[in-house]
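The primary structure of each chain is shown beneath.
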Amino acid sequence: MCELPAPLNRRAVALTLGSTQAAELELLSVPSDSTEDADLTARLREWVSAGNPAAQVITFQGALLFWGTGRVAVVAAPSRLPPLEAVLAELAYYEGELADVERQLGEAWPDLEADGGPAFEFDERSAKQRDRLAKRFRQLLGLRARLTRIVPMLLTPHVYPPTLASQVSERLRERSRMSHRVEMIQEQLEVFERIYDTVSQRASDYRANRKGHLLEMVIIVFLAAQTLLVLFEILTNATATSVPTATTTTTSP
Amino acid sequence: MRHASIDILRTAAIALMVLVHFLENLAGALWTPAGFGAPLFAFLAGVSFRIWVRSQEAKGTSDAAITKVGVRRGLFLFALGLGFNFFVWLPDDLYNWDVLTAIGTGLAVLALARHLPGGFLAFVSAVIFVIAPFLRVQADYDAYWLELYFQCDKTLPEILIGYFSTGYFPLFPWVLFPIAGYVAGKAVYPDPADAGDGPPSVRPLLTWGAVLVAASVALRVVRPYLPDPLPSTILKGWTMFPASPEYVTGVLGIALILFGTLYVWVDRRQKLARFPRLLAVTRTMSRHTLSIYLLHHVLHLWPLWVYGYFSGDTATAYWREAMSIEMAVALTPVCLAVCYLLAWWADRREWPTAESAMRWVCD
Amino acid sequence: MRAWQIGIVGGGPGGLMTAYALQKWANDPHHLTIFEVGDRLGGKILTPSFQTVSATYEAGAAEIYDYSHIDDDPLKELIEELGLPINRMDGSSAVVRNRPVANLDDLRDRLGQPAVDALLAFDRQAKDQITPGEFYATADEHAGDPLVRPGFDAVLAAIPDPAVRDYVARFIHSDLATEAATTSVAYGLQNYLMNDQAYMSLYGIAGGNEALPRELAARVNADVKFGHRVTTVGRTPDGRMSVRAVCAGKAVESTFDAVVMALPNAAIGGVTFAGERLSRAMAGHAADFDFPAHYLRVTVAFREKFWEGRMTESYCMLDCFGGCCLYDESSRAPGSDVPVLGWLIAGEAAEALGAKTDDELIADALAALPEFLGDGRELVREARVHRWLGAVNAVPGGYGGHSLDQRHRPEPVDHPRLFVVGDYLFDSTLNGVLDSAEYVALWLVALMADRLEQPHDRPAPVGDTRDVDRFSAPVARRHRRTPDRVRV
């Protein structure tokens, strides 16, 4: 159907009806010159709302759009449909990516709260979590990369002179509050990055310090052993004069 | 929460100890495998301490409170060991240094050192292992053991030397058993934060156990070929008194293997779930190991002393000469059965026991 | 040390903005007097209500330009500073032969692919000539700018497709407020390019644009003299400025240390400037910017929102009256239940229709509704007309290539403290009038701050232009986006 812009290297492909592959987007395009058919509007709204009750309806320059997660319907003149379908497929992908990043970030908040401690004070217990923290940090970088990849497309400037597709794209991006959401996600990511960055810094400091401490403790143990041996020498010298003699009452356990 | 594998091991340890004490004290017989009871007992004390610490942490008990109670429990056992020597053996044996004093010291040390990394505690155990024979040489161990039992003057240097090196269960090397138990317990029962996704792997325990057993056998085999004075001073063969390097590595290795194996079979795979009665018996025995340890001594030593005192020259007249080996072996299960019944009753009637006394005093 | 007496002639946005900026930046004591001929402040910014229905509409300045995505936007900052919420406005549609053309697809349907190609070629050419950054900067000095030359009609004539030529001319007509032949190439291109959001976007103040002068007036501590028509401005013998005004038939004379003329260019001719030198300079100034452009506003409240679903944006361009903008006034007040449409008729059509009565104008406006909106003619509740003939400028900034200093101080020799503020000196917008007001205010602040320039003790000797050299140059250079850095 269409190829997504360069860094994404993805393509929207229309599946035949009954295909076994799971479709990411169900797109219903209705070629019609009139967007004022109440019955059609009601049925399309119902169809889109079946997948998502928060579906949006947009009437725009002779096109009628029903926009929901996973389900999109469009009514427009036959000649206008192909570019509209392409732009809807593209936007649905961005919306999906954005929603997924939002979801993952949302799920990561409890972890972040749990991991906030080591950002302030890193101790032995935190050191054990290092792998887990590193994994979270990597996941976070993954989210950041995903977002960064789609952001240029989400924040594409206004096209002038506009085409219907560009107008629909702008309108939908605006309606889905994509630029705001990107901003919010970036702010959240910054919080995450700040915490995990601090944690990783603390972790490496802690590891470096612990190595030093461990070495000190090993030296202390050796010194203690040496002290013990010296102590024993003193103790045994002190008993050298008193030779133990067998007594008759001692027993063994 | 009870851990069936530990109940079984504790029951085995106490049974072995009853057997070895009956054989030695009543019949004067020494049986090498029976010498495994005390180290296993000490090792399990470390494991139990680990489990107790973990449960306290899970309850949210403060770090300081755990340390305080831990040290108190260690000191309680230490004092109990001294009291045990005084009352169960004889006042003259106050400074014999029983296994309880070694375990008590070990637990007090662990309460303070429990936050140190497991690897470091293992290193400390290794250092204890290495310097123990040198301390013995320095102290002239054999001079304290003239007639197969420990005897010393009641002077401070000798008491200290006995406590550290030459007594029955001197700190060096016996304290390494509770420490090793704690380290092994930490590997199997890690902090919730350290726990991975799956159950902890016991492979390191089994590997270290096998290495230690192999080291024990190797030391035993190469001992005759080593140049003097190594075979006569440092290595001693499989002897419990003194606890020779061969003995320590061997019993520690076996303890690790048993602990790891039973943890997998009994706790994780529930292989013994079909024998609930057996598990109930071991559970009861395990809950009262300390009491049974004290009780069986009272049961077989006090009659000996009383009978010896009234019928012979001295109280110890019949020590090691009271009966035949067969008789002693036969009395062991009887004693264990009596102990079990008393423990069972104690549970039902909530009688005070050594364990409850410890909790009352320390917690 | 005596406070500076500053007189401001004109209580429109220019006068108020000058007063506000002076008050904000000046560290020296000063006293402001504003002469307003009418009985309200705000001038061309007017948000009245209908008489029979409860709804407001923009009768004057319809929208404000947003440059904030390119660089500093002083007007937007001012509006934020005043705590006024804004509503974005958008519109891309035009009505061509009774059918809406909202995008290239529609244009292709109506006029064919060659028309689309022609429009795209013109668009590219326009963008090649003025980048968004240049667009942002051109409102400043454009002396020597080759695009500031007459004949935007020639540029349009170069569009090969006559239908597209006509489409572009009508599309930008209401913004130009004049005809292509009577504006500059630069202004024509700017008015085409401003439809692209890369260049700028539009917004209005929620609750009506008049909130801007209202809030400014509320914050300005000035002696406002309503009903004072300033008749004469001149110089007193001791070097101060005198202003003579008539109020209720009585003449009132005041003297000031500085006077700011904040009037529409057309109104400057109505003031007598005493002294030959000044009168010649001011006549020259008026002539330099004498490119009157015209507006008529027809606003109608309807009984139903009959355009619902058919007109979805804040405004669209109609192809009547040579190109006329139809505003959905109700989109400015989302909560309002009174549907209002506003026609902005501009240029020659406005001038020609200016002679008609209000009723005739209203009938013409309704007749101009395209067929697909024709059912609204029967739904009128109330209609109002506002006339702004000669109120804006067809060639803001003029062709003279005057520097900003020259534009704002027409006679620096004998009357160095007579300043002029006006949107026509920049780009005939509210943004432009703020630039002009801040320019003059900074200049005055610099003068006040100069210790040698005590207003009373040492009047500037005639012919002494020292202050000009010392202050005007840095002010001019730093002007526009960073006024706070110029504080002395």
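The coordinates are above.
Chemist: Could you give an account of the pairing of strand β12 (residues 258-261) of chain C, with specific residues and numbers?
Modeler: Residues and elements named next belong to chain C. Neither face of β12 is left uncovered, since the one carrying Ala 258 and Val 260 and the one carrying Val 259 and Met 261 both have all their residues buried. Relative to β12, strand β1 (residues 4-9) runs parallel, the two sharing 4 bridges. Opposite Val 9, over in β12, you have Met 261 as the bridge partner.

Chemist: Which residues make up the interface of chain B and chain A, and what values do they have?
Modeler: Interfaces are often sized by the accessible area lost when the parts come together. In this complex, chain B contributes 39 residues to the contact, which on the side of chain A involves 27 residues. Every element with two or more residues in the side of chain B that touches chain A is listed here: α5 (118-139) and α6 (156-166) of chain B. It is α5 of chain B that contributes the most residues to the side of chain B that touches chain A, 9 residues altogether. Considering only residue class, the side of chain B that touches chain A consists of 23 nonpolar, 7 polar and 9 charged.

Chemist: I'd like to hear about the pairing of strand β6 (residues 71-76) of chain A, residue by residue, with values.
Modeler: Residues and elements named next belong to chain A. Most of β6 sits inside the fold, with 6 of its 6 residues counted as buried. Burial along β6 is two-sided: Arg 71, Ala 73 and Val 75 facing one way and Val 72, Val 74 and Ala 76 facing the other are all buried. As paired strands, strand β3 (residues 26-31) and β6 are joined by 6 bridges and run parallel to one another. If you follow Leu 27 over to β6, its bridge partner there is Val 72. The pairing of strand β5 (residues 63-67) with β6 spans 4 bridges and is classified as antiparallel. Bridge pairing in β6 links Leu 65 to Val 74. Counting the residues in the hairpin turn of β5 and β6 gives 3 residues, including Gly 70, whose phi is positive at 85 degrees.

Chemist: Give me the lowdown on the sheet that holds β5 of chain A, citing residues and values where you can.
Modeler: Residues and elements named next belong to chain A. Within the open sheet, the 4 strands sit side by side as β3-β6-β5-β4. Their pairing is mixed. Strands with a single pairing partner mark the edges of an open sheet, and in this sheet they are β3 and β4 (56-60). This sheet shows a mean twist of 10 degrees between the axes of neighbouring strands, independent of strand direction. Along the sheet face, helix α2 (residues 81-120) touches β3, β5 and β6 and points at about 160 degrees away from the line of β6. Helix α5 (residues 164-175) contacts β4 and β5 of the sheet and is inclined by roughly 145 degrees relative to β4.

The rules behind these values
Residues numbered from 1 in each chain as written. Chains lettered and ligands numbered in written order. Predicted model: local features only at pLDDT ≥ 70, side-chain atom pairs only at ≥ 80, totals over all residues. Buried ≥ 20, exposed ≤ 12 C-beta atoms within 10 Å, placed from the backbone. Helix = DSSP H or I, 4+ residues; strand = E, 2+ residues; numbered from the N terminus. Pairing = 2+ DSSP bridges. Contact = placed C-beta atoms within 7 Å. Nonpolar A, V, L, I, M, F, W, Y, C, P; charged D, E, K, R; others polar. Axes fitted to C-alpha atoms, helices over the stretch in contact; angles between N-to-C directions.

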